[in-house]
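Descriptive analysis of the structure
Chain by chain, the residues run as shown.
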Amino acid sequence: MNRIYYTKPSITELEVSYATDAARNGWGENCYGYINRFEEAFKSHLGVKYAIATSSCTGALHMGMAALGIGPGDEVIMADTNWIATTSPIVHLGATPVFVDILPDSWCLDPDLVEAAITPKTKAIVAVHLYGNLCEMDRLLAIGNKNGIPVIEDAAEAIGSVYHGKRAGSMGRFGTFSFHGTKTLTTGEGGMFVTSDTDLYEKVLTLSNHGRARNQTKQFWPDMVGFKYKMSNIQAAIGCAQMERIDELVSRKREIFGYYRDAFESLAVVKINPEPAGTVNGAWMPTVVFAERSGVTRELLQDIFAAEHIDARVFFYPLSLLPMFEDQPNNKYSRDIPCRAMNLPSYHEITRQQQESVIGVILTLIKLKSR
Ligand SMILES: *Cc1c(COP(=O)(O)O)cnc(C)c1O
C-alpha cells in the first residue's frame, strides 16, 4: 500500500558521506570536529553569539532553565497547547508549569493571559512557536522586561521562522531547538541551546560538561553537579550536512505548506497556519482547523485518513487535561481547537499527487458534512 508519511527526514549522499567520515575518522583528537562545526554553522544561521549542541531539545531546556535558577516553588508560564517536552524540565526542577490559553489564530500563548498569570513566584515565560507559527514576541518581551522575567524561546518547531527580521530562537534570553527525526532539520535525535548572553552561556557550558568549569585544570574534578546531554560527533556530522542544505530544507517545507494553503484558501470553514505581515512561517507542520459549523471532527478526520493510508496526526491535546497536571477549564481555545484539527503530511519528498490525495480527502469530508 502506498502510505503517505507524516514526516520523514530528507537525507542525501551528503549526510551519508559526513556521517561515514565521522564514523571512520572522528575519534581521538577529531572527536569534537563535527560538533564544533555544527555549532558554528548554527550560530551564524541564527544570528546568535553562542550555541551548544545537545542530545535533545528537552535537555537544552533543562540546562537553560537550571542555569536561570528555576527551582522548587517557582512558576513558569507557558501555553496549554504544547508537546510535554517543554514542561518536563520545569517539573524535574521542582517548579510548577502554569498553563495559559492560546490565541485562536496562531495557536500560541496569549500575551494578555501571560501578563495576568504573573505572580511573585513567576521565574520565566516560555514562548513555544507552535508548528512554526510565531508567538507575539514584541509583546512577550515587553511583558518580560517590565516584570524582570526572562522569556525563553522553545523554537523546536520553528527553524526557518522569522519574526520581523529576527529568527525564531534568537530573541529570548535563550532559545532551544530539536533535531528529532520528525523535525525540519534532523540528526536523528539531537538539540541545540542558543543564547547571546555570555554569563548564561558560561553557566550552561559548565552544566553541560558534568559541572566541570572550562578553566578547571584538575582532571576529573567537577565544580558542581551538572548534566550529561551531549550530542555525538556522528550526529553532528549529519547536522553539518543538513545545515549546508538548510535553505533548501526550509523552502521545500514552505512550498508544501503553500500548496495546502492555496487549496484551502477559498474555504471559509478551514483555517491553516497563519503568516502575519512581517513574518515568515518555517512551515514545520501544516495544520488545518475546521470551523465548528463544518461538522468536521478530529475523530472523523482520523478515521478517513486512516482508511486512505494517510499518516495525519492529531493537534496537541491541552497539557492541562493530562492526569499529572491541574485542569484549566477556562482555557477555551486549547480545549476546543484540537477537537476539530489535524496535522497534515509534509515530509520533504511528498509528491504533488500525494498532497492532492490529502486535499481530496478533506474536500470530500467537507462536502459530505455540508449536505
Ligand atoms: C519536538 C519538540 C521538543 C522536544 O524535542 P526533543 O529533541 O525530542 O527533546 C520540545 N519542544 C517542542 C515544542 C517540540 O516540538
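Structure shown above.
Overview of the structure. In this numbering scheme, every chain counts its residues from 1 along its sequence in written order. In keeping with the predicted nature of the model, local features appear solely for residues at pLDDT of at least 70, side-chain atom pairs appear and are counted solely at 80 or more, and the whole-chain, interface and lining totals rest on all residues. The side-chain quantities take in all heavy atoms of the structure and omit both hydrogens and water.

1. Focus on the overall build of the protein
The secondary structure content of the protein amounts to 12 helices and 14 strands. Here the protein has a C-alpha radius of gyration of 21 Å; the compact-globule value for 371 residues is 21 Å, and the two agree. Projected onto its principal axes, the C-alpha coordinates of the protein cover approximately 75 × 55 × 35 Å. For the protein, buried positions account for 56% of its 371 residues. Think of it this way: any DSSP run of H or I at least four residues long counts as a helix, any run of E at least two long counts as a strand, and we number them from the N terminus. What the globule rule says is 2.2 Å times the number of residues to the power 0.38, and the radius of gyration is computed from C-alpha atoms. The rule is simple: take the accessible area with a 1.4 Å probe, protein chains only, and divide by the maximum for that residue type; under 20% is buried, over 50% is exposed, in between is partly exposed.

2. A look at unusual backbone geometry
For histidine 210, which is not a glycine, the phi torsion comes out positive at approximately 55°. Summarising the element assignment, histidine 210 is placed in the loop between α7 (198-208) and α8 (233-244). With a relative accessible area of 40%, histidine 210 lands in the partly exposed category.

3. Side note on the site of the ligand
Not every one of the 13 residues close to the ligand is listed here, only the nearest: Thr58, Asp154, Glu157, Ser178 and Lys183. Here a nitrogen atom of the ligand and a side-chain polar atom of aspartate 154 are 2.7 Å apart. Throughout, the Shrake-Rupley method with a 1.4 Å probe supplies accessible areas, and for residues the shown protein chains are the sole cover considered. Computed on the free molecule, the ligand has an accessible area of 390 Å², of which 92% lies beneath the protein chains in the complex. Space inside and on the surface of the protein is sampled on a 1 Å grid over the protein atoms alone, with a cavity defined as a set of points where a 1.4 Å probe fits but cannot get out and a pocket as an open set with protein on both sides within 12 Å along at least 5 of 7 lines; lining residues have an atom within 4 Å of a point. What decides whether a molecule sits in a cavity or pocket is whether more than half of its atoms lie within 2 Å of the grid points. A molecule is said to occupy a pocket when more than half its atoms come within 2 Å of that pocket's grid points, and by this definition the ligand occupies the largest pocket. We call Asp, Glu, Lys and Arg charged. Ala, Val, Leu, Ile, Met, Phe, Trp, Tyr, Cys and Pro are nonpolar, and the rest, Gly among them, are polar. Considered class by class, the residues forming the shell around the ligand number five nonpolar, five polar and three charged. Here a residue is near a molecule or strand as soon as one of its heavy atoms is found within 4 Å of it. Any N or O atom pair separated by 3.5 Å or less is treated as a polar contact, with the protein-specific requirement of one donor-capable and one acceptor-capable atom, and with residues adjacent in sequence counted only for side-chain atom pairs.

4. Some details on the environment of threonine 187
Within the element layout of this structure, threonine 187 appears in the loop between β8 (174-178) and β9 (191-195). Sequence separation between threonine 187 and cysteine 240 is 53 residues; the distance between their C-alpha atoms is 9.1 Å. Whether two residues touch is decided by their heavy atoms; if any such pair falls within 4.5 Å, the residues are in contact. Setting aside chain neighbours within four positions, we find threonine 187 in contact with Phe38, Phe179, Met231, Gln235, Ile238 and Gly239. At a separation of 2.7 Å, a polar atom in the side chain of threonine 187 contacts the main-chain carbonyl oxygen of glutamate 189.

5. Remarks on the pattern of salt bridges
For side chains bearing opposite charge, pairing can occur when the charged atoms are close. Throughout this description, the term salt bridge denotes a Lys or Arg side-chain nitrogen within 4 Å of a carboxyl oxygen of Asp or Glu. Taken as a whole and judged by the stated rule, the model has 16 salt bridges. For arginine 298, the salt bridge goes to glutamate 299, with nearest N and O atoms at 3.1 Å. Owing to a relative accessible area of 10%, arginine 298 belongs among the buried residues under this scheme. One salt-bridge network, in which partners are shared between bridges, spans Asp112, Glu115, Arg139 and Lys146.

6. Some points on the pairing of β9
Summarising burial for β9: five of the five residues are buried, a large majority. A pair of strands is considered paired only if DSSP assigns at least 2 bridges between the two. Direction of pairing for strand β1 (residues 50-54) relative to β9: antiparallel, over a ladder of five bridges. Looking across to β9, one finds that alanine 51 is bridged to valine 194. Bridge analysis of β8 against β9 gives four bridges, and the strand direction is antiparallel. Among the inter-strand pairings, phenylalanine 177 is bridged to a residue of β9, identified as methionine 192.

7. A few points about helix α6 (residues 137-147)
For α6, the full list of buried residues reads Met137, Leu140, Ile143 and Gly144. Projected onto a plane normal to the axis of α6, the buried residues spread over an arc of 130° and lie on a single side. Turned more than 90 degrees from where α6 packs its buried face, Asp138, Asn145 and Lys146 sit exposed. Of the residues flanking the end of α6, it is glycine 148, one or two places downstream, whose phi is positive at about 65°. Note: the arc covers the axis-to-C-beta directions of the helix.

8. Observations regarding the environment of isoleucine 272
In this fold, isoleucine 272 is placed in strand β10 (residues 270-272). C-alpha separation for the pair isoleucine 272 and aspartate 105, spaced 167 residues apart in sequence, amounts to 8.8 Å. With sequence-adjacent residues up to four places away left out, isoleucine 272 is seen in contact with Trp107, Phe257, Tyr260, Arg261, Phe264, Thr287 and Val288.

9. Remarks on the packing of helix α1 (residues 13-25) against α8
The axes used here are C-alpha line fits, helices contributing only the stretch in contact, and every angle between their N-to-C directions lies in the interval 0 to 180 degrees. Their axes nearest at 8 Å, the elements α1 and α8 cross at an angle of 150°. In terms of their interaxial angle, α1 and α8 are classed as roughly antiparallel. Like other packed secondary-structure pairs, α1 and α8 cross with a definite hand, here right-handed. Here α1 contributes Leu14, Glu15, Tyr18, Ala19, Ala22 and Ala23 to the contact with α8, which in turn contributes Asn233, Ile234, Ala237, Ile238, Cys240, Ala241, Gln242 and Glu244. In the contact of α1 with α8, the residues fall into 10 nonpolar, two polar and two charged. Geometric relationships in this document are graded by angle, where less than 35 degrees denotes roughly parallel, more than 145 denotes roughly antiparallel, 65 to 115 denotes roughly perpendicular, and other angles denote oblique. Left-handed is the label given to a crossing in which the near helix is rotated counterclockwise from the far helix by less than a right angle, and right-handed is the label when the rotation is clockwise.

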